[in-house]
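Fold and contact review
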Amino acid sequence: MTETTDALEIRGLSAGYRGVPAIRDIDLRVAAGSILALLGPNGAGKSTTLRAAAGLLPALGGTVTAAGSPVTGSVERATRSGLCLIPDNRGVFHRLTVAENLRLAKARGGFGPALDRFPQLRPLLNRRCGLLSGGEQQLLAIAKTLLLRPRVLLIDEMSMGLSPVAIKQILPELRRLADEDGTAIVLVEQHIDQALSVADEAVVLHHGRVVLIGPAADLREDRDQIQRAYFGDKER
Amino acid sequence: MNDLLQFAVIGFSTGAVYAVLGASLVSIYVATGVINFAQGSVALWAVWQVAGLRTNGVLVLPVGSVQLGSGPMDVWPAVLIGAASGLVWSLLAHLLVFRPLRRAPELGQVVASVGVMLFIQALIPLRFNAKALGTEPSSLIPLPTLTSKVFTLGGATIAVSNLILAAAAIGIALALAGYFRFTRMGVATRAGAEDEQALRLMGYSPDRLAAFMWGTTGFVSGLIVILAAPAIGGLDPTSYMLYVVPALAVALVGRLTSIGVACGAGLALGSVQQILLFLTTKSWWPSWAQAGVGDAVPFVIVVVALFLLGRGIPERGARDAGAQAPVQVPRLRPLWTAAPVAGTAVAIVLTTGQWRFSLVMSIILTLIAASVVLLTGYLGQISLTTMAFAGAAGFALSKLTTNVGVPFPLSMLLAALTATALGIVVGVPALRIRGAQLAVATIAAALAIESFVFNNPAMTPYTGNLIADPSLFGFSLAVREGTDLITLRFSFMVLVIVAVLLIAVTRLLSGATGRAFLAVRSNERAAAAAGVNVPAVKLLGFALASFLAGIGGCLIGYSRGQLSAASFTVLVGLAVLATTYVGDITRISGAILAGIAGPLGLLYLVFTQTIDLGHYYTLIVAAAMLLRVVVFSPHRGAVPEWLLVRRARRSPAQPPAAAHAKEPADVR
Amino acid sequence: MSGDPNTLLLTRDISVQYGGVRANDEVCIEVGAAEIVGLIGPNGAGKTTFVDAVTGFAPHTGTIELDGVRLDSVPAHRRRRLGLARTWQSGELFTDLTVAENLAVSVDPPGLRGLVADLGRRRKRADEDIQEALSLVGLEAMAGRRPDELSLGRQKLAGVARALVGSTRVLLLDEPAAGLDTEESAEFGHELRRIAASGPGVLLIDHDMTLVLDVCDRVYVMDFGKIIASGAPSDVSSDAQVIAAYLGSPVTP
């Protein structure tokens, strides 16, 4: 938490599919210990941004720096620099047990720390992940990723398919992660209010570009701006 | 009862081979999603490696050979080196063929593994020659590696070596299963089978995990076959290569996920085959079913397993199903049709003897290759049964002309319709399975037909399956006349039949039928949503393809005057697939190239007659196929992804009109 | 509204179970002739599952009637031939065929009769039908192009045309406007109006709320596999439950 530099710095990032950019010139910075909510309507480029930052998509331009080292374009480099992505399908392995999922993280000292943090998972260790509820799967995804000791955690569509109860359980865990471990978190969320309630800052994407950026608290007060982006009535 | 026990235990020797090859197939499928048809070929090299070492200490390499020590090598060093050669081949296949193809569609992967399978099989007789070995290769036998002790149990004589083989197979399977269950790398490999991207996000390289699996399975497959070779006897390359078929059957019983089930099924299959072999000697056993029963069992298992478990076989969570070889819908242009036909007619007139014979073979092969184009290229159904359809028609033709006396055009038509019926039966599994699994079912079918029908002495009179010469309105169309190896009349008949059928196929493929085929190939769901009856279209494809192949088989039969089983083996079928793939599996013109290059066609004659490369024919075809699929892949679409990215990077000014995001959509 | 003689598509108690998840829970909707009906809801609400069930691509319970004819045990391709057509989120065109040929697949069915027709002289394709469908979505000029030569937006329009061609009674559109920009989306709205005016009923699923609220006569809102609201667009967009489903209910800190 003593670091003053940004844990994640994205500069001029462009990326897309089949050589056609879906996001253009994205600039984002996230300080250690803070949470950034990445918002925008469907197809705005939120997932593309995360996937490009995590190295799953080759960048068409721009740089991504995590904890001071450049990671652009390679999953391995990103993971090594402590940049981890939880994809929108959660990235848990349904045919493996919870314990096996956790073992995959090459953590020294086993997966004990993850269970200490999320004791809810302890009774589920030998259950196949596919049999867990959506909320439990998301907890497992976070627990598994935490074992990799991320400095930067990107979470795509955190609450998709989760019940409101599960969402309310998980969001405080993210806040704790940022506050206690100093992890920088980027959260892609559809539920704007919930995202803003936990985030420090928010960015709204539209058509692959940043259209709005500001402190989460301010945006929460003035929701009209965001609502306009979602429900149309766009002033271009 | 004692007999049964005795034969069951004898069956452990082949059973152990099925078990370990099957367990290896499962392991590779889990690690890469590839169904490796070359598993038997890899082990085959290992067996020959040991034979060479133990005969006079010579280590034969794909290029050159090395003398190790002065005389024959001891048992265990030789076994170790032999198994290591399996490891090396397997790893080479991974690095040079399968890794570059990891994003390729299934047809590419199946073709590649068939290519590796044929390549090694063809390389063996070339490399393990008298010069390298210092002795005639035909004199080589697999020398014993295990104890020759026997004991009796309740009256049954039991060889200890067979029990050791079973124990070795179980041990290997346990080790593989333990790897997947208890080691982190093994767990990661299983995880990768489910979601490769998520595995990479956890910091693993799926390629490295795959490489480990390729190496390990190559080693254990080589090892078990080396140990079992003295018991199962002989060194015939083709039969070792085809051990992969029963192994595929047991791997499917294990749903391509369970090593334990595959191993158990493998041992059981070996025993069942031996017991069946024993029972066929009984007087009550029907004589028509004495031969080929052993090869029919795996086919039955494959069909049953795929029907019961087919949907339960997990698909790899990383395949890009979209990319397939692009197809140009053919347009029938009179000049482009007339010119080759006229040219071929002139060539028929100008050639004689062997050359004309090869030309006519090429014409017939073009028809058979067109059947592959239709079924595999257009409809996307990977079938390895083509030559078996052809042979079945030839077989029916023989019965129809000699036993029943049906006259010429009708006899051929009925024979081809017999093949059509068979084609529809073999096509039924395609309604439930697709891709490489269909290839497994069809290769098992081809092998079963080959041994149960063509090579079944009960169905073949001692004179052979003769085929009466065709004649029309008293006008003889016989292939031979006096010393003329092949008559003009016969040649022209073939040309006319094939040309008419090819024109008909082109019409079909450029019409509604072709559109429906391409629709099914590119997207079954969307085809159904567009109102296409997908199962009916698939069966139609199988029916048409087997009809074409059937006519081809009849013509081959007429050209020989009898059913020549050697023309219709699984191996020939694979070579036809290979040449068609090299020619271009999505075009009729590709079929013509395949006809020229196919087995016993013109190119083959050029190889044997003018440049004396006949021995290298299969090797060259297999190598051409591998090059075609790996280097000059037709699958990769117009421009590879990395090139697009580089282009886009170089010119950052983007056309804004292009499509926007393509984000992962609703989770279902 | 039920029992309306105008009703073309009527689903009752459609439920779909995926593993342990109830992806659709007793969904009942109606679509009338020449009517555009919206189905909206957050990602993962089960909208696509519903379309899959109705068109025969997902096993389901409950009944589906098209103009009084029960369809729930009819295979997918028959449902299409009876006039229940759909599009896919990702276009799903046949990549080897031109746009016109893509449409032709839906017009003339293959089979033994088709075989004979192919072998004989070229069958007279329903070229007029194809042209008409293409002109309804404004793609006449693209008839001879291959799908990969078109922008994503146009690919989707071609998919709509493919679903439209023939005697389509009800059209289910799964996010046809995703990937279109604002003007294209508005343009698409006009085309949709023209399509509906020519007879078929339309069920429109889309995230572009401007489009849905503009163009639809009625709207259903789905969340967690259930219909949580329905009514006129203006009512639905001000419904607190709907806003909560989309933007999330405010969390008490």
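Residues numbered from 1 in each chain as written. Chains lettered and ligands numbered in written order. Predicted model: local features only at pLDDT ≥ 70, side-chain atom pairs only at ≥ 80, totals over all residues.

In the annotation of an unreviewed UniProt entry, the entry for chain C reads ABC-type branched-chain amino acid transport system, ATPase component, and the organism field reads Thermomonospora echinospora.

Listed under Sequence similarities (unreviewed entry) in UniProt, the entry text for chain B is "Belongs to the binding-protein-dependent transport system permease family. LivHM subfamily." (UniProt positions renumbered as here; feature names shortened; annotations may be inferred.)

**Some thoughts on the overall build of chain C**
Secondary structure assignment for chain C yields 10 helices and 10 strands. For chain C, contacts bridging at least 24 residues in sequence account for 65% of all contacts bridging at least 6. (Helix = DSSP H or I, 4+ residues; strand = E, 2+ residues; numbered from the N terminus. Contact = placed C-beta atoms within 7 Å.)

**With respect to the domain arrangement of chain B**
Residues and elements named next belong to chain B. Its domain assignment divides chain B into domain 1 (2-279) and domain 2 (340-567). Using only C-alpha atoms to locate each centre, domain 1 and domain 2 end up separated by 34 Å. The interface of domain 1 with domain 2 comprises 10 residues on the first partner and 8 residues on the second. Of all elements in the fold, only helix 5 (106-127) and helix 12 (244-253) reach the threshold of two or more residues within the side of domain 1 that touches domain 2. In the side of domain 1 that touches domain 2, the residues fall into 8 nonpolar, 1 polar and 1 charged. (Domains from an automatic or database assignment. Nonpolar A, V, L, I, M, F, W, Y, C, P; charged D, E, K, R; others polar.)

**Details of the domain arrangement of chain C**
Residue and element names in this part refer to chain C. Domain boundaries in chain C define domain 1 (1-83 + 167-253) and domain 2 (96-166). Taken together, the contact between domain 1 and domain 2 spans 11 residues of the former and 10 residues of the latter. For the side of domain 1 that touches domain 2, the secondary-structure elements that each account for two or more residues are strand 7 (170-174) and helix 7 (182-197). Here the side of domain 1 that touches domain 2 gets 4 residues from one element, more than from any other, and that element is helix 7. Of the residues in the side of domain 1 that touches domain 2, the class split is 5 nonpolar, 3 polar and 3 charged.

**Examining the sheet that holds strand 2 (residues 21-32) of chain C**
What holds strands together in a sheet is hydrogen bonding between their backbones, with the strands either parallel or antiparallel. Overall, antiparallel pairing links the 4 strands, which are arranged 2-1-4-5 (chain C) in an open sheet. Taken across any chain shown, the strands that pair with only one partner, and hence form the sheet edges, are strand 2 and strand 5 (69-70) of chain C. (Pairing = 2+ DSSP bridges.)

**As for the environment of Trp 88 of chain C**
Along the polypeptide, Trp 88 of chain C turns up in the loop between strand 6 (84-86) and helix 3 (99-107). For the pair formed by Trp 88 of chain C and Glu 175 of chain C, sequence separation is 87 residues and the distance between their alpha carbons is 7.5 Å. Setting aside residues no more than four positions away along its own chain, Trp 88 of chain C makes contact with Ala 526 of chain B together with Gly 159 and Asp 174 of chain C.

**Some details on unusual backbone geometry**
Backbone geometry places Asp 25 of chain A, a non-glycine residue, at a positive phi of 55°. Position of Asp 25 of chain A relative to the elements: it lies in strand 2 (residues 20-31). Exposure remark for Asp 25 of chain A: the 15 C-beta atoms within 10 Å place this residue in the partly exposed category. The backbone phi angle of Arg 255 of chain B is positive, close to 50°, even though this residue is not glycine. By the element assignment, Arg 255 of chain B lies in the loop between helix 12 and helix 13 (259-279). (Buried ≥ 20, exposed ≤ 12 C-beta atoms within 10 Å, placed from the backbone.)

**Topic: the sheet that holds strand 6 (residues 83-86) of chain A**
Residues and elements named next belong to chain A. If you trace the 6 strands from one edge of the open sheet to the other, you get 6-7-8-3-9-10, paired in mixed fashion. In this open sheet, the two strands that pair with only one neighbour each are strand 6 and strand 10 (209-215). Going from strand to strand, the sheet's axes swing by 15° on average, the running direction of each strand aside. Sheet contacts for helix 1 (residues 46-53): strand 3 (35-39), strand 6, strand 7 (152-155), strand 8 (184-188) and strand 9 (201-206); angle to strand 8, the most-contacted strand, approximately 145°. (Axes fitted to C-alpha atoms, helices over the stretch in contact; angles between N-to-C directions.)

**Thoughts on the packing of helix 5 of chain B against helix 19 (residues 435-454) of chain B**
Residues and elements named next belong to chain B. It is at 8 Å that the axes of helix 5 and helix 19 come closest, and there the two elements cross at 40°. Considering their axes alone, helix 5 and helix 19 lie oblique with respect to each other. Across the interface between the two elements, Glu 106, Gln 109 and Val 110 of helix 5 pack against Gly 435, Ala 436 and Ala 439 of helix 19. Class assignment for the residues of the contact of helix 5 with helix 19 results in 3 nonpolar, 2 polar and 1 charged. (Parallel < 35°, antiparallel > 145°, perpendicular 65-115°, else oblique.)

**Focus: the confidence of the model for chain B**
Residues and elements named next belong to chain B. Chain-level statistics for chain B give a pLDDT mean of 86 and a share of 92% at 70 or above. Within chain B, helix 28 (residues 641-650) has the poorest average pLDDT of any element, 63, and helix 7 (residues 160-182) the best, 96. In this model, residues 652-668 is a region of pLDDT below 50 whose contacts with residues beyond four sequence positions or in other chains number 44 contacts. (pLDDT = per-residue confidence, 0-100.)

**Some thoughts on the nonpolar core**
In this structure, Leu 187 of chain A, Ala 16, Ala 169, Ile 224 and Ala 444 of chain B together with Ala 161 of chain C are the most contacted members of the largest nonpolar core, which totals 392 residues. Those residues in contact with Ile 224 of chain B that lie beyond four places of it in its chain are Ala 16, Val 17, Val 20, Ala 168, Ala 169 and Ile 172 of chain B. (Core = buried A, V, L, I, M, F, W, Y, C linked by C-beta atoms within 7 Å.)

**A closer look at the pairing of strand 7 of chain A**
If a strand is regular, its side chains alternate between the two faces of the sheet. Residues and elements named next belong to chain A. Residues Val 152 and Leu 154 point to one face of strand 7 and Leu 153 and Ile 155 to the other, with burial holding for every one of them. Relative to strand 7, strand 6 runs parallel, the two being bridged by 4 bridges. Paired with Cys 84 across the two strands is Leu 153, which belongs to strand 7. Of the strand pairs in this sheet, strand 7 and strand 8 are connected by 4 bridges, and their pairing is parallel. Looking at the pairing, Val 152 lines up with Ala 184 of strand 8.

**Concerning helix 7 of chain B**
The end-to-end C-alpha separation of helix 7 of chain B is 32 Å, in line with the 33 Å expected for 23 residues at 1.5 Å each. Where helix 7 of chain B is buried, its residues touch helix 1 (2-10), helix 2 (12-32), strand 4 (156-159), helix 8 (184-194), helix 10 (206-232) and helix 13 of chain B. (Expected span 1.5 Å × (residues − 1).)

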